[in-house]
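Coordinate inspection notes
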Amino acid sequence: MFTIVEAGDPVLRQQAQPLSTEEILSESTQVLIEMMGEIMRSAPGVGLAAPQIGVSVQVLVIEDRPEYHLRLTEDELCERERVSVPFHVLINPTLSIDDAREVRFFEGCLSVPGYQAIVPRAYAVRVDAFDAQAQPITIHAQGWYARILQHEIDHLHGTLCIDRMQSCTLTSHENYKRFWQGKSRNEILNAFSAIKNTEILQDSPSILR
Ligand code: ZN
């Protein structure tokens, strides 16, 4: 019934609508949430925003499963501060920055299939939202989970990661595997800095370890 829409579809550029308590608890929203969970897992992806299946409402699902981590090395997981995140739903989320230091990693999007690019993101964020039962929740996240939250909440405001990427780093998945997978962040940033302007590719100094 639903499929993932790709960049170029105007729905990905719209401001998604917030939901009232009644709307959150309605059968149509509960069905939407269930569908989104299934679509995210079959993609597979670690997050999905309702506009990505053509529904312009402020609903996200997120889940970072341990099996997704098997293709990353220990060093890659550690550097990204990537840990498992159980399935959860965020409705009408608002994002604020807890720690604005920028961190740069390759990032992809189900709506921009086939490619990834380095996207600077804030290190730590706070999200206030409602869950699927319309109860208020607050999340403090850092590392990879903070990146997922920033990426998905952007979708609700018509922003894609390609708007924030460092465009000279755009890479097909095939070339990511060939040239960049398994390399440390410093190796990658140094390699790109050697090709392009150094200034644009630096992390905040305090993030570099
Ligand atoms: Zn996305």
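Relevant structure appears above.
Residues numbered from 1 in each chain as written. Predicted model: local features only at pLDDT ≥ 70, side-chain atom pairs only at ≥ 80, totals over all residues. Heavy atoms only, no water.

1. Thoughts on the state of the cysteines
As enumerated under the stated definition, the model contains zero disulfides in all. A disulfide-free cysteine, C168 has its sulfur positioned 15 Å from the sulfur of C161, the nearest such atom. (Disulfide = S-S within 2.5 Å.)

2. Some details on the side chain of D154
Mapped onto the secondary structure, D154 falls in helix 4 (residues 143–155). D154 gets classed as buried once you look at its relative accessible area, which sits at 10%. Beyond its immediate stretch of four places on either side in the chain, D154 contacts R121, T159 and R164. (Helix = DSSP H or I, 4+ residues; strand = E, 2+ residues; numbered from the N terminus. Buried < 20%, exposed > 50% of the residue type's maximum accessible area, 1.4 Å probe, protein only. Contact = heavy atoms within 4.5 Å.)

3. Observations regarding the pattern of salt bridges
Taken as a whole and assessed by the stated rule, the structure comprises 12 salt bridges. The shortest N-O distance in the salt bridge between E63 and R41 comes to 2.8 Å. With E63 in strand 2 (residues 59–64) and R41 in helix 2 (residues 27–42), this residue pair connects regions lying 22 residues apart in the sequence. Ionic pairing is found between R147 and E107, a salt bridge with its closest N-O pair at 2.7 Å. Taken together, the positions of R147 in helix 4 and E107 in strand 3 (residues 85–108) put the pair 40 residues apart, joining distant regions of the chain. Pair check on accessibility: R147 and E107 agree, each one buried. When salt bridges with common partners are traced through the structure, they connect E107, R121, R147, D154 and R164 into a single cluster. (Salt bridge = Lys/Arg side-chain N within 4 Å of Asp/Glu carboxyl O.)

4. Focus on the coordination of the zinc ion
Those protein atoms acting as donors to the zinc ion are C109 (SG), H151 (NE2) and H155 (NE2), and they sit at 2.1 to 2.2 Å. The motif formed by the donor residues of the zinc ion, counted along the single chain, is C-x41-H-x3-H. In this pair, C109 sits in the loop between strand 3 and strand 4 (115–130) while H151 sits in helix 4, placing the two residues 42 residues apart along the sequence. Exposure remark for C109: the relative accessible area of 10% places this residue in the buried category. (Donors = N, O, S within 2.8 Å, 3.2 Å for Na, K, Ca; no water.)

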